[in-house]
Amino acid sequence: DGMNGVRHEKYENSINGLPFSLGIDLECSQYNLSKEQNWHENIELLCFTKGSATVTSNELRTEVTAGDIAVINPNCLHDIFAHEDTHFYCLIVDRSYCLANHFDTNLITFLPKVTDVGIYSLICDIANEYAQKDRPYAVQNIRADVLKVMALLCRGYSEPIAKPQRDSNLLSAIKLAIGYISNE
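Criteria and thresholds
- For every chain, the first residue of the written sequence is number 1, and numbering continues from 1 onward in sequence order.
- Confidence filtering applies because this is a predicted model: local features only for residues at pLDDT of at least 70, side-chain atom pairs given and counted only at 80 or more, and all residues used for totals across whole chains, interfaces and linings.
- Heavy atoms from the whole structure form the basis of all side-chain values; hydrogens and water molecules are not counted.
- Counting from the N terminus, the helices are the DSSP runs of H or I reaching at least four residues and the strands are the DSSP runs of E reaching at least two.
- Under the convention used throughout, the expected extent of a helix is 1.5 Å for every residue step, that is, one less than its residue count.
- We call a residue buried when its accessible area falls under 20% of the maximum for its residue type, exposed when it is over 50%, and partly exposed in between, using a 1.4 Å probe and counting protein chains only.
- The directions considered for the arc run from the helix axis to the C-beta atoms.
- Contact criterion: two residues are considered in contact whenever any of their non-hydrogen atoms come within 4.5 Å of each other.
- Polar contact is defined as a pair of N or O atoms within 3.5 Å, subject to the rule that within protein one atom must be able to donate a hydrogen and the other to accept it, and that residues adjacent in sequence are counted only when both atoms are side-chain atoms.
- For two strands to count as paired, DSSP must find a minimum of two bridges between them.
- Among buried residues, the Ala, Val, Leu, Ile, Met, Phe, Trp, Tyr and Cys ones that are joined through side-chain atoms within 4.5 Å form a nonpolar core.
- Only the stretch in contact is used when fitting a helix axis, every axis being a line fitted to C-alpha atoms; angles between N-to-C directions are given from 0 to 180 degrees.
- Each angle gets one of four labels, with under 35 degrees taken as roughly parallel, over 145 as roughly antiparallel, 65 to 115 as roughly perpendicular, and the rest as oblique.
- By definition, turning the near helix anticlockwise from the far helix through less than a right angle yields a left-handed crossing, and turning it clockwise yields a right-handed one.
- Think of it as three bins: nonpolar holds Ala, Val, Leu, Ile, Met, Phe, Trp, Tyr, Cys and Pro, charged holds Asp, Glu, Lys and Arg, and polar takes everything else, Gly as well.
- Salt bridges, as used here, are contacts in which a Lys or Arg side-chain nitrogen is within 4 Å of a carboxyl oxygen on Asp or Glu.
- Two cysteine sulfur atoms make up a disulfide if the distance between them is within 2.5 Å.

Visitor: A description of helix H3 (residues 138-156) should follow, citing residues and the corresponding values.
Guide: Taking 1.5 Å per residue, 19 residues should reach 27 Å; H3 reaches 27 Å between its end C-alpha atoms and fits that length. Of the residues making up H3, those classed as buried are Ala-138, Ile-142, Asp-145, Val-146, Val-149, Met-150 and Leu-153. The arc enclosing the buried residues of H3, seen along the axis, measures out at 135 degrees, which places them on a common side.

Structure below.
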């Protein structure tokens, strides 16, 4: 694939102390996108607002266009390859928030692509609320909308994991090596 590197990402309460990381109106094209793959312990939602791309999660490639949400399950090595000028929101929800709300994203596998107007609209609402995060009760609205997004994903676009998924030997070795390096 011409992969340039692999990186383990850690996200720590990026929105006013909340257990979320939100990238608003991120842009990529086939000319400016890093081919560096990454993984982290949290679920990642990529909400595409313009363009088209291929999202790779472990070995699974998923084609997405504007209106789609790509779901990256926890601990999956992933990247994005844009086919054209592509815009998206990136919402990463910390596992601790999920556990505090009585579901464990490590025990659920989510579908890789969701086309649901209600969930898409909620993610756009989260981005709009974040853009005005100094408004009264913005943090509470963001928390409520993220919980609603996760509940809808759990209810309609997931299944319990019967037995823990195992990475391929190569993927396990890459994660182990990168984890070791990032902790040193």
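From this point, the narrative continues.
Visitor: Can you break down helix H2 (residues 117-131) residue by residue, with the values?
Guide: One turn of an α-helix holds 3.6 residues; hence residues three or four places apart share an orientation. Here H2 contains 15 residues, and its C-alpha end-to-end distance of 21 Å stays within 8% of the 21 Å for a straight helix at 1.5 Å per residue. Residues of H2 that are buried in the fold lie against strand S2 (20-28), strand S4 (43-50), strand S7 (69-72), strand S9 (86-93), strand S11 (113-114) and H3. At the N-terminal end of H2, a side-chain oxygen is found 2.9 Å from the backbone nitrogen of Gly-118, two or three residues along, and the residue is Asp-116.

Visitor: With reference to specific residues and values, describe the sheet that holds S2.
Guide: With antiparallel pairing, five strands are arranged side by side in an open sheet as S2-S9-S4-S7-S11. The strands lining the two open edges of the sheet, one partner per strand, are S2 and S11. Relative to S7, S4 runs antiparallel, the two sharing four bridges. When the bridges of S7 are listed, Glu-44 appears paired with Ile-72.

Visitor: Outline the nonpolar core, supporting the account with residue identities and numerical values.
Guide: Nonpolar side chains in soluble globular proteins tend to be buried together. Counting residues in hydrophobic clusters, the biggest one holds 31 residues, and the most contacted among them are Leu-45, Ile-69, Val-93, Val-146, Met-150 and Leu-153. Elements that contribute at least two residues to this core include exactly S2, S4, S7, S9, helix H1 (95-100), strand S10 (108-110), H2 and H3. Broken down by element, the residue count for this core peaks at eight residues, all from H2. If we skip the residues at most four places from it in the chain, Val-93 touches Pro-19, Phe-20, Asn-42, Ile-43, Cys-98, Val-146 and Met-150. Grouped together as the second largest cluster of nonpolar side chains are 14 residues, Cys-28, Phe-48, Ala-82 and Phe-88 included.

Visitor: Please provide a residue-by-residue account of the environment of Gln-30, values included.
Guide: Tracing the sequence through the fold places Gln-30 in the loop between S2 and strand S3 (37-39). Between the C-alpha atom of Gln-30 and that of Asp-85, which follows or precedes it by 55 residues, the distance is 7.6 Å.

Visitor: Could you give an account of the packing of H2 against H3, naming the residues involved and the relevant values?
Guide: It is at 9 Å that the axes of H2 and H3 come closest, and there the two elements cross at 160 degrees. Classed by the angle they form, the pair H2 and H3 counts as roughly antiparallel. Pair H2 / H3 crosses with left-handed handedness. For the pair H2 and H3, contact is made by Ile-119, Leu-122, Ile-123, Asp-125, Ile-126, Glu-129 and Tyr-130 and by Ala-138, Asn-141, Ile-142, Asp-145, Val-146, Lys-148, Val-149, Leu-152 and Leu-153, respectively. Here the contact of H2 with H3 is built from residues that sort into eleven nonpolar, one polar and four charged.

Visitor: Can you lay out the pattern of salt bridges for me, pointing to particular residues and giving the numbers?
Guide: One pass over the structure, following the stated rule, counts four salt bridges. Residue Asp-104 is joined to Arg-95 by a salt bridge in which the shortest nitrogen-to-oxygen separation is 2.8 Å.

Visitor: Talk me through the state of the cysteines; I want residue IDs and the actual numbers.
Guide: Under the criterion given, the structure shown has zero disulfides. Free of any disulfide, Cys-98 has its nearest neighbouring cysteine sulfur in Cys-154, separated by 7.2 Å.

Visitor: Could you give an account of the pairing of S7, naming the residues involved and the relevant values?
Guide: Side chains Ile-69 and Val-71 of S7 all project onto a buried face; the interleaved residues Ala-70 and Ile-72 project onto the opposite face, where all are buried too. Two elements, S7 and S11, share two bridges in a ladder whose sense is antiparallel. Bridged to Ile-69 within S11 is Val-114.

Visitor: Describe in detail unusual backbone geometry, supporting the description with residues and values.
Guide: With a phi close to 65 degrees, Asn-75 is a non-glycine residue in the positive phi region. Considering the arrangement of structural elements, one finds Asn-75 in the loop between S7 and strand S8 (78-82). Classification of Asn-75 as partly exposed rests on a relative accessible area of 26%. Backbone geometry at Tyr-137 places phi at a positive 65 degrees, although glycine is not the residue there.

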